[in-house]
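Reading the structure
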Amino acid sequence: MIKVEGLFKNYKTGVVEHVLRGIDLEIDSGESVALLGPSGSGKSTLLNCLGLLDSPDKGKIFLHGQEVSRLSEKERARIRLTELGFVFQFHHLIPELSALENVLLPASLLGQKPTERAKHLMQRVGLEEKAHKSPAQLSGGEQQRVAIARALINGPRILFTDEATGNLDREKALEILELLLEINREQKMTLVSVTHDSTLAMRYETKYSLQNGILKKCS
Amino acid sequence: MLTKEWWLLTYKWLFGQKKAGQEIRKASYLMGASLWVALISGALGVGALSFVRALVTGFETQLALGVSDFFGPLSYKSGWRSEKEHELLAQKISYPVESYWQGQGLLVGPKTGRGVMLEGRRMWGASQQCSNLNNNTNEIPLLTIGQNLAESLGVQAGQNLKILLPGLLKGSLNVKVNAIKSFGLQELDARRVILDDLSLRCYLKASGKTLMERPGDYLGLRFYPKISPNDEVALMSEVSVLQKLIKETLRDAQPLVKTSKEQNRNFFKGLGFDRAVLSVVLGFLTLAACLNVAAALFVIFFERDKDMMTLRALGMSPLQMRRWILIQGFMIGLLGSSLGMIGSGAAALLFEKGKLIRLPPEVYNLDHLVFSFSWPEQLGVYLFGVASALFISWGVAYLLSRMKIVEVLGHRR
């Protein structure tokens with residue numbers, strides 16, 4: 001479960017930009033949540049704070065009851081590695097490695113090599129036949145599927161996606177979204193996605209809209 | 001983190017772009033170029049250090065051999081003792097032992113005359129009796145002189161010279177040049193001569209002459225154990241054995257046995273100082289060359305910062321990232337140092353075969369320089385190269401691991 005209390009975040013780029021202005025949020029375990037909003041509204045900033053990639057200026061974030069907003073970078077990295085998964089708009093797969101090796105990379109940070117699990121995940125994202133291909137030999141949608149498998153390798157309880165379908169055509173975007181939601185349902189894993197596409201956001205259980213740093217739940 | 005997979009990934013990350021079938025991107029080109037600059041500059045630094053160390057060590061080894069050839073590996077100044085005392089000590093030693101005395105002399109050759117430092121030497125052993133010398137050599141004392149002296153006197157081996165020994169012998173004496181040697185140092189080759197003491201004594205005895213009075217028969221002893229003059233440990237061990245023996249036999253409470261290097265301490269100290277200065281200067285240059293490793297690591301990072309920061313987002317800790325960058329720096333240092341060592345070996349071979357380095361003949365009487373690659377020394381150079389790259393990489397790793405993930409991945413970059 002994710003709980004946020006009075007979250008503030010400012011950026012100082014010449015003038016102070018108030019990106020998040022007192023966000024309060026609660027997300028249940030296994031829930032799928034879409035964060036909607038126009039470009040520059042602060043949804044990625046919120047996601048970064050929730051995913052422990054960035055620190056809020058003020059406020060508290062709780063993950064499964066533990067306050068995580070003031071942890072050291074080492075502790076945050078540990079939580080990201082074991083509890084959280086990320087899929088970004090650009091997959092950033094390592095081009096020198098095969099798809100399967102890319103999937104195994106986060107596990108190797110834990111000193112593990114769960115090859116069978118990686119193969120199972122490749123199968124789950126529909127790429128078992130292409131496990132040994134390099135990312136350059138895969139299409140954009142397939143690369144994003146590998147990135148999803150990579151995000152799932154350490155068995156995270158929460159998966160964050162930031163415009164994960166933003167770089168794909170409509171058909172591929174829907175396929176990826178379906179895959180994410182299926183995984184969310186199967187594994188009862190919390191899914192928090194940032195998107196600016198309200199049509200895609202309709203597929204999520206809960207939708208929030210962020211405008212001028214204020215978060216509102218959509219009906 | 002230091003698993004086989006990460007080493008393999010690092011290798012592919014650094015060197016495997018083209019092999020991975022990627023189109024050659026700007027990133028690949030920049031990374032490749034900066035990597036090669038780092039490798040070549042590191043190799044040049046390590047290579048120069050290795051080359052110079054091998055050169056100086058070779059030079060020192062050669063000169064030590066020459067000096068030892070003249071002075072003997074070990075010497076002891078007994079201070080004018082009798083023939084009997086020296087013989088008694090020599091009998092207790094299993095390897096060749098020579099007694100010597102020193103004096104000034106004047107050699108007169110066909111071309112010119114030269115003042116020399118004369119050393120009369122007698123090898124101890126059963127055959128060292130006048131009766132064992134053949135008739136021809138019995139007539140005339142035998143002389144060993146350096147090459148430069150022979151050239152300036154205009155004399156060749158087998159020819160006769162006149163020698164004057166002021167304070168030792170009245171009148172002049174005919175001596176035969178028995179051997180012409182090169183000891184490496186001009187000072188030895190041009191100014192020192194060795195007179196066979198037994199042949200001199202036998203000649204004087206046969207001709208009814210005697211040497212003028214001296215405090216004793218011999219000034220000291222030269223020892224010839226089968227130990228390389230560069231094997232300091234074995235020499236020092238033999239020094240202890242000899243000191244004990246001398247104490248017992250000659251009743252010298254504090255016998256001073258010296259190695260040939262110690263007898264030429266100033267020269268070898270000077271050489272050691274030169275070597276140290278050169279090593280420090282080249283060490284700094286190597287360190288400066290290794291700064292290119294930092295440049296390469298920065299380029300690699302900034303060309304692929306999103307890939308690296310994605311890994312950070314996926315849970316790579318700052319420490320793990322530092323280690324990964326250190327692995328990259330280590331690999332570059334290892335490869336650069338290896339290239340440098342290979343280059344240094346190849347250059348040394350070329351210079352030695354081609355006799356490309358010649359020394360000033362007025363100082364050193366060496367035909368050309370021989371390189372000596374002593375493995376502990378070269379291992380030190382190699383490790384220094386790798387350690388320099390690691391040291392520089394540590395600084396880079398520390399700086400880069402402090403970068404914030406959102407600064408790279410965020411939209412507000």
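Refer to the structure presented above.
Figured I'd write up the structure that's included with this text.

Calculation notes
- Residues numbered from 1 in each chain as written.
- Chains lettered and ligands numbered in written order.
- Predicted model: local features only at pLDDT ≥ 70, side-chain atom pairs only at ≥ 80, totals over all residues.
- Heavy atoms only, no water.
- Helix = DSSP H or I, 4+ residues; strand = E, 2+ residues; numbered from the N terminus.
- Rg over C-alpha atoms; globule rule 2.2 N^0.38 Å.
- Buried < 20%, exposed > 50% of the residue type's maximum accessible area, 1.4 Å probe, protein only.
- Contact = heavy atoms within 4.5 Å.
- Areas by Shrake-Rupley, 256 points an atom, 1.4 Å probe, with all protein chains shown as cover.
- Lys, Arg positive; Asp, Glu negative; His and termini not counted.
- Charge placed at Lys NZ, Arg CZ, Asp CG, Glu CD.
- Pairing = 2+ DSSP bridges.
- Phe/Tyr/Trp six-rings, centres within 6.5 Å; stacked < 30°, edge-to-face > 60°.
- Lys NZ or Arg CZ within 6 Å of the ring centre and 35° of its normal.
- Disulfide = S-S within 2.5 Å.
- Patch = residues over 30% accessible without salt bridge, like charges linked within 9 Å, V, L, I, M, F, W, Y side chains within 5 Å.
- Salt bridge = Lys/Arg side-chain N within 4 Å of Asp/Glu carboxyl O.
- Axes fitted to C-alpha atoms, helices over the stretch in contact; angles between N-to-C directions.

Here we look at the overall build of chain B
Within chain B, the secondary structure is distributed over 14 helices and nine strands. Since a compact globule built from 413 residues should have a radius of gyration of about 22 Å, the 32 Å found for chain B marks it as more spread out than a globular shape. With the principal axes as the frame, chain B shows a C-alpha extent of 110 × 50 × 30 Å. Expressed as a percentage of the 413 residues in chain B, the buried residues total 51%. Contacts in chain B between residues at least 24 apart in sequence constitute 81% of all its contacts with a sequence separation of at least 6. Accessible surface, chain B as shown: approximately 19700 Å² in total, 59% of it carbon and sulfur. Distance between charge centres in chain B, computed from 47 positive and 32 negative side chains, equals 6 Å.

Notes on the overall build of chain A
Helix and strand counts for chain A come out as seven helices and ten strands. Against the 2.2 N^0.38 benchmark of 17 Å for 219 residues, chain A shows a C-alpha radius of gyration of 17 Å, consistent with a compact globule. C-alpha extents for chain A along the principal axes are approximately 50 × 35 × 35 Å. Counting only residues that meet the buried cut, chain A has 57% of its 219 residues in that class. For chain A, restricting intrachain contacts to residue pairs at least 6 apart in sequence, the fraction spanning at least 24 positions comes to 69%. Total accessible area computed for chain A in this model is approximately 9400 Å², and 47% of it derives from carbon and sulfur atoms. Charged side chains in chain A number 29 positive and 28 negative. The centres of these two groups are separated by 3 Å.

Here we look at the sheet that holds strand β5 (residues 66–67) of chain A
Residue and element names in this part refer to chain A. Taken together, four strands build an open sheet; the order of strands is β2-β1-β4-β5 and the sheet is antiparallel. Each of the sheet's edge strands pairs with one partner strand only, and the pair in question is β2 (15–27) and β5. Where strand β1 (residues 2–13) meets β2, ten bridges bridge the pair, whose relative direction is antiparallel. Of the residues in β2, the one forming a bridge with Phe8 is Arg21.

Some words on the packing of aromatic side chains
Counted by the stated rule, this structure contains 15 aromatic pairs over all chains. Both rings, one in Phe301 of chain B and one in Phe302 of chain B, keep their centres 5.2 Å apart while their planes meet at 85°; by these two values the pair is edge-to-face. Accessibility expressed as a relative area gives 1% for Phe301 of chain B, which makes it buried. The class of Phe302 of chain B is partly exposed, set by a relative accessible area of 41%. Clustering of aromatic rings is evident, with ring pairs tying together Phe86, Phe88 and Phe160 of chain A. Looking at Lys58 of chain A, its charged tip hangs above the ring of Phe8 of chain A, at a distance of 5.1 Å from the centre. A cation over a ring is seen here: Arg222 of chain B above Tyr100 of chain B, with NZ or CZ 4.0 Å from the ring centre.

Re the pairing of strand β7 (residues 192–196) of chain B
All names here are of chain B. Burial analysis of β7 places four of its five residues in the buried class, which makes it a mostly covered element. Two elements, strand β3 (residues 113–123) and β7, share five bridges in a ladder whose sense is parallel. Counted as the bridge partner of Arg121 is Asp196 from β7.

Let's talk about the state of the cysteines
Residues and elements named next belong to chain A. Going through the model one piece at a time under the given rule, you end up with zero disulfides over all chains. Cysteine Cys218 shares no disulfide, and the gap to the nearest cysteine sulfur, in Cys49, comes to 20 Å. Of the residues examined, Cys218 reaches a relative accessible area of 29% and is grouped as partly exposed.

Observations regarding a nonpolar patch on the surface
Residue and element names in this part refer to chain B. Side chains of Trp36, Ile40, Leu44, Leu335 and Leu339 sit close together on the surface and give an oily, nonpolar patch of about 500 Å² of accessible area. When residues of the nonpolar patch are traced back to their parent elements, those giving at least two are α2 (26–71) and α12 (318–353). Ranked by residue count, the leading element in the nonpolar patch is α2, at three residues. When you line up the elements, Ile40 lands in helix α2. Its relative accessible area of 45% is what places Ile40 among the partly exposed residues.

What to know about the side chain of Asp307 of chain B
Inspection of the secondary structure assignment puts Asp307 of chain B in helix α11 (residues 305–313). With sequence-adjacent residues up to four places away left out, Asp307 of chain B is seen in contact with His92, Leu93, Ile94 and Pro95 of chain A together with Trp13 of chain B.

Here we look at the sheet that holds strand β10 (residues 214–217) of chain A
All names here are of chain A. Overall, mixed pairing links the six strands, which are arranged β6-β7-β8-β3-β9-β10 in an open sheet. Two strands lie at the open edges of the sheet, namely β6 (84–87) and β10, each paired on one side alone. Averaged over all pairs of adjacent strands, the angle between strand axes in this sheet comes to 20°, irrespective of strand direction. Taken together, the four bridges between strand β3 (residues 32–36) and strand β9 (residues 206–211) define a ladder with parallel strand orientation. Residue pairing in the sheet places Ala34 in a bridge with Lys207 of β9. Sheet strands touched by helix α5 (residues 140–152): β6 and β7 (158–162). Its angle to β6, the strand with the most contacts, is close to 170°.

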